[in-house]
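Listed below are the residues making up each chain.
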Amino acid sequence: MSSVNPTYHHTPDRLKTELEWIERAKGDPRHFAPLYEKYHEQIFRYIYQRMDDPELADDVTSQVFFKAIKNIQRFEFRGVPFGSWLYRIAKSELNQAFRDRKAKRTINIDMQHVAVFMEVFEQEENQINLKKLKTALVALGEEDVQLIEMRFFEDRPYKEIAEIIGITENNAKVKTFRALEKLKKIFFKK
Amino acid sequence: MENRKIVINRAKVSSAEIEKRRNFNRVLEAVNAAPSPIPTTDFWKSIGFWGQTGLASIAAIALLKLNGVNENQNLAYDENITLSKSISIEELPQDTPCIQPKISGVDLPFETFNLIGNNGHQITLSDGSSILIPAGALEIGQEDNFTLRARTFPDKSSAFIAGIPMDHDGGAFESGGMIELRAERNGEIIAIRSENPIQVALSLTKPSDGFQFYQLNDLSGEWQSYPATFTDRSNDKNISENANNEAAQKLLSTNKQIQSEIQSIQQEISQNPLPKKEAYQLPIDKDRIFKIEYDAYEFPELAALGKNVEFEALPNQPQYNAMFEQSWSYFDLKEQGGSFSVVFGDNQKKMTLKVRPVLKGEALVAALSAYTTAKQEVEQKHRRWQEKQKELELAHAANEERIATLKATQKNHNIMLDIRTDAQKEQDAYLQNLKLQHSKSIINQQRSANFQTSNWGVFNVDRPIAYPTPFDAQTIYALKHAVPGEKIKEVYVFDLEKDVRYAFGSGSRGIADVGVFNNESVLLVLLESGDIAYKQLSGIKDISNNPSLQLTPVKAHAFDIQLLQSLLHEGRVVA
């Protein structure tokens, strides 16, 4: 999936380099530049995936980095990549944007994902079933939608999902499975 | 309360586009402009802050004296926010991801039919197309009301305005007729039972020769072949209302023909009998053969047979034995009409014996060989005829059996008809009438494509026409700058001679691929602003290598289907 940055999980060397950038950024915001360069695209894609306006997505992305720089002093490396910290800011900023009614919560689906769901649900790929899937996604709880989005629409590994949400990998698997079951239940509900 | 919006197959944003948005300095300026600690007035939370106005105000904001601590400095906040939601189905059932009107606010209207019940409906559209919804075809209750929407696309204008994708197999579609069908109840699409599909007779705008029938995959936006029959290609108009009866009649007629063929074979056999030994002067009963002397000059026909000629007494002559038990003083060979007889006599009496000449010796061997060959030939013919006759007799018997079955089915049906209640009889008559109206509608149409479906959607009689060669870079440059101050989003070339539209910038072909054939055409451009511009071309010379290319601009609100139709010389009247 193009929205997933393949460098989210790093080799020890790259992680070390990144930690050096973070330490320098703590001393001077201008040294945040390589981190911005590195994570800008994936944060923008994460936000735009959940919004319908690229300009608003651009603005929210800027807010995320603004807040990251302002709060970089608080960041402590505890084995979780810097990217997951940014995702958590992004998630928070998105929610703020939705609350302020500045942006509309959007779920973007490719037809290939629809095909996967229809296969899982053992249903024919047609207009009626697409409508049912859309209705089910609208009715699903936000947390479940996020899990479905990250796992099935963005193809993120469970480890990354767990780090973004702040739960264990195993817990992410269980929660995602339950979210899928809920979606299925709503889909087949008359 | 927030609603969620579901978007299918949104255009992908490229990494290059995202990179254009990358601006670290902008963020850094905001960070520098913001006082530390960050104030409680969450000015940066405002999305507008990151717009032009907000950025222009950074310097001014820096001057503001603000106090307090940012409540959001703990970045693990807001984890448990759950958006309130309501189920919002914004799109009407007829809206599909791949069918979006090209001009904002301009769409081709549907003909709408508010129908009640699931007991069968027949609808005739304004262009003569007919839709037959059989009883029980829809997954709704017997008394439920529902809305059927249908629209036909008789020309290029209507297909363009509605936003129907018209590319297939690397070419652009020339349409011979197109229809879109949708049905809903309470905002939900109604399913059609696959075992009981609806039947449609789509009125065609041109002869169907060379055209194929397609259905649009609403989800992928691609056209797929779909089965249909065309009334202008065969006897599809002759729709039998009684299949059993028609089949039985056909079988009876076939059997009559079979009977006639059998008779012909029998006649052939009778006219080609096996050769007789007598014709070859071959002996049949050696005990009845005897030799007599005759004058070869008196019987030249016997002389022609050679010297080795004897005579055989014809069978069933009781006097034969008596004649040979006594002595005769004379005998006399006689010939009359090709038949021979021998008269034996003495002074007291005479007796006559019918005979025929037979061969012997080498002549007999040659005659026997000729006879055997001739016999085998005829026998072979007989065998062939008899085999054919047997086949025909079996086919005849099988048809008889089928006719008997059909008659029995009909009889059962009649019995069932007789035991129907009055309500059932009324319903059956109603359905029969619907079918009849549908059939009449097909017959009344000059030509139509007839199909059945258990899916709503868009169905099309079409053939792909190849795209023209792209212009050179200079012409494309002139086209891109033909509307000063405006950016071109999509380009459409309506070829009035090939009766097709070519699309650039919306599908697989970009603006750089624009080209026209040397035909009368209309170049229509959709601008980023939402407005439209066009140019009527009498041929390729009007655009190719024309550095001063100018297009006529039209504001979106002033554009409608009538304007497009007048440009394309099409005359549809839209309600």
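As a starting point, this report considers the structure included with it.

To continue, consider the overall build of chain B. Helices and strands together make up the secondary structure of chain B, namely 12 helices and 26 strands. Going through the 575 residues of chain B one by one, you find that 43% of them count as buried. If you take every contact in chain B between residues at least 6 apart in sequence, the share linking residues at least 24 apart comes to 72%. When the accessible surface of chain B is split by element, carbon and sulfur atoms take 49% of a total near 31,000 Å².

We now examine the packing of aromatic side chains. A ring pair, where both rings are aromatic, is described by two values, the distance of the centres and the angle of the planes. Inspection of the entire model under this criterion finds 36 aromatic pairs over all chains. Their ring planes at 65° and their centres at 6.0 Å tell us that Phe 32 of chain A and Phe 82 of chain A sit as a pair that is edge-to-face. Here the residue Phe 32 of chain A occupies a position in the loop between α1 (12–27) and α2 (33–48), and Phe 82 of chain A occupies one in helix α4 (residues 82–99), the gap between them amounting to 50 residues. Neither residue differs from the other here; Phe 32 of chain A and Phe 82 of chain A are each classed as buried. Look at Phe 160 of chain B and Tyr 492 of chain B: their rings are 4.9 Å apart centre to centre, the planes differ by 75°, and that puts the pair in the edge-to-face class. In this pair, Phe 160 of chain B sits in helix α5 (residues 156–162) while Tyr 492 of chain B sits in strand β22 (residues 488–495), placing the two residues 332 residues apart along the sequence. Positioned above the aromatic ring of Phe 187 of chain A, the side-chain terminus of Lys 132 of chain A is 5.1 Å from the ring centre.

Turning our eyes to something else, we now look at the sheet that holds strand β18 (residues 339–345) of chain B. All names here are of chain B. If you trace the 5 strands from one edge of the open sheet to the other, you get β15-β16-β19-β18-β17, paired in antiparallel fashion. For this open sheet the edge positions go to β15 (289–290) and β17 (330–336), each flanked by a neighbour on one side alone. Pairing between strand β16 (residues 309–313) and strand β19 (residues 350–359): 5 bridges, direction antiparallel. Following the sheet pairing, Glu 310 is matched in β19 by Val 358.

With that settled, the discussion passes to the environment of Lys 435 of chain B. Along the chain, the position of Lys 435 of chain B falls in helix α10 (residues 422–444). Once the C-alpha coordinates of Lys 435 of chain B and His 121 of chain B are considered, the two residues, 314 residues apart in sequence, prove to be 9.3 Å apart.

Let us look at unusual backbone geometry. Residue and element names in this part refer to chain B. At Asn 9, a residue that is not glycine, the phi angle is positive and equals roughly 50°. Tracing the backbone shows Asn 9 in the loop between β2 (5–8) and α1 (15–21). Look at Asn 9 and you get partly exposed, because its relative accessible area is 37%. Phi angles above zero are rare outside glycine, and His 569 is one such case at about 55°. On the secondary structure map, His 569 appears in the segment after α12 (561–567). A relative accessible area of 54% means that His 569 is categorised as exposed.

A word on the pairing of strand β12 (residues 212–216) of chain B. All names here are of chain B. With 4 of its 5 residues buried, β12 lies for the most part within the structure. Bridge count between β12 and strand β21 (residues 457–466): 4 bridges; the pairing is antiparallel. Bridging across to β21, Gln 212 finds its partner in Asp 462. Relative to strand β13 (residues 223–225), β12 runs antiparallel, the two sharing 3 bridges.

Moving on, we come to the sheet that holds strand β6 (residues 130–133) of chain B. All names here are of chain B. Spatially, 5 strands are ordered β5-β6-β11-β20-β14 in an open sheet, and the strand pairing comes out antiparallel. At either end of the open sheet lies a strand with only one pairing partner, and these are β5 (121–124) and β14 (229–230). By the bridge criterion, 4 bridges tie β5 to β6 in an arrangement that is antiparallel. Its bridge partner lying in β6, His 121 is registered against Ile 133.

The next thing to look at is the packing of α2 of chain A against helix α3 (residues 54–70) of chain A. Residues and elements named next belong to chain A. At a closest axis distance of 9 Å, the pairing of α2 and α3 adopts a crossing angle of 135°. In terms of orientation, α2 lies oblique with respect to α3. Regarding α2 and α3, the two cross each other, and that crossing is right-handed. Between α2 and α3, the contacting residues are Leu 35, Tyr 36, Tyr 39, His 40, Ile 43, Phe 44, Ile 47 and Tyr 48 on the first element and Pro 54, Ala 57, Asp 58, Val 60, Thr 61, Val 64 and Phe 65 on the second.

A separate point is the nonpolar core. Among the nonpolar cores identified, the biggest contains 70 residues, and Phe 32, Ile 47 and Phe 82 of chain A are the most heavily contacted of them. In contact with Phe 82 of chain A, not counting residues within four places along its chain, are Glu 18, Ile 22, Phe 32, Leu 35, Tyr 39, Ile 72 and Phe 75 of chain A. Within the second largest apolar cluster, 60 residues are counted, among which are Ala 162, Met 166, Leu 496 and Val 500 of chain B.

Let's shift gears to the pattern of salt bridges. The final tally for this structure, using the stated rule, is 39 salt bridges over all chains. Between Asp 144 of chain A and Lys 182 of chain A there is a salt bridge whose closest N-O contact spans 2.9 Å. Here Asp 144 of chain A is found in helix α7 (residues 142–153), whereas its partner Lys 182 of chain A is found in helix α9 (residues 169–188), with 38 residues between them in sequence. The partner of Glu 312 of chain B in a salt bridge is Arg 356 of chain B, with the nearest N and O atoms 3.5 Å apart. Of this pair, Glu 312 of chain B sits in strand β16 while Arg 356 of chain B sits in strand β19, placing them 44 residues apart in sequence. The residues Glu 312 of chain B and Arg 356 of chain B share a single accessibility class, namely buried.

Residues and elements named next belong to chain B. Along strand β20 (residues 448–453), 5 of the 6 residues are buried, which leaves the element largely enclosed by surrounding structure. Summarising the sheet, β14 and β20 pair through 2 bridges and their orientation is antiparallel. Paired with Phe 230 across the strands is Ala 449, a residue of β20.

Residue and element names in this part refer to chain B. When helix α11 (residues 473–480) is considered as a whole, its buried residues turn out to be Thr 475, Ile 476, Ala 478 and Leu 479. Projected down its long axis, α11 carries its buried residues within an arc of 160°, all on one side. Exposed residues lying more than 90 degrees from the buried face of α11 are Ala 473, Gln 474 and Tyr 477. Buried positions along α11 lie against β22 and β24 (521–527). The backbone nitrogen of Gln 474 lies 3.1 Å from a side-chain oxygen of the residue at the head of α11, namely Asp 472.

Residue and element names in this part refer to chain B. Relative to the elements of secondary structure, Gly 117 occurs in the loop between β4 (111–116) and β5. Given a relative accessible area of 3%, Gly 117 falls into the buried group. Taking the C-alpha atoms as reference points, Gly 117 and Gln 142, separated by 25 residues in sequence, lie 5.1 Å from one another.

Residue and element names in this part refer to chain B. Assignment of secondary structure puts Glu 490 in strand β22. Separated by 3.2 Å, the side chains of Glu 490 and Lys 102 make a polar contact. Excluding residues within four positions of it along the chain, Glu 490 makes contact with Lys 102, Phe 504, Gly 505, Ser 506, Ile 511, Leu 524, Val 525 and Leu 526.

Three or four residues apart is the spacing at which side chains of an α-helix point the same way, because the helix has 3.6 residues per turn. Residues and elements named next belong to chain A. A rise of 1.5 Å per residue sets the reference length of helix α6 (residues 127–139), with its 13 residues, at 18 Å; its end C-alpha atoms lie 18 Å apart and thus fit the reference within 8%. The buried fraction of α6 amounts to 10 of the 13 residues, a majority that puts the element mostly inside the structure. For α6, every residue scored as buried is listed here: Gln 127, Asn 129, Leu 130, Lys 131, Leu 133, Lys 134, Thr 135, Ala 136, Leu 137 and Val 138. Of the residues flanking the start of α6, the one acting as N-cap is Asn 126, its side-chain oxygen 3.2 Å from the backbone nitrogen of Ile 128.

Rules used throughout
Residues numbered from 1 in each chain as written. Chains lettered and ligands numbered in written order. Predicted model: local features only at pLDDT ≥ 70, side-chain atom pairs only at ≥ 80, totals over all residues. Heavy atoms only, no water. Helix = DSSP H or I, 4+ residues; strand = E, 2+ residues; numbered from the N terminus. Buried < 20%, exposed > 50% of the residue type's maximum accessible area, 1.4 Å probe, protein only. Contact = heavy atoms within 4.5 Å. Areas by Shrake-Rupley, 256 points an atom, 1.4 Å probe, with all protein chains shown as cover. Phe/Tyr/Trp six-rings, centres within 6.5 Å; stacked < 30°, edge-to-face > 60°. Lys NZ or Arg CZ within 6 Å of the ring centre and 35° of its normal. Pairing = 2+ DSSP bridges. Axes fitted to C-alpha atoms, helices over the stretch in contact; angles between N-to-C directions. Parallel < 35°, antiparallel > 145°, perpendicular 65-115°, else oblique. Left-handed = near helix turned anticlockwise from the far one by under 90°. Core = buried A, V, L, I, M, F, W, Y, C linked by side-chain atoms within 4.5 Å. Salt bridge = Lys/Arg side-chain N within 4 Å of Asp/Glu carboxyl O. Arc of directions from axis to C-beta. Polar contact = N/O pair within 3.5 Å; in protein donor to acceptor, adjacent residues only side chain to side chain. Expected span 1.5 Å × (residues − 1).

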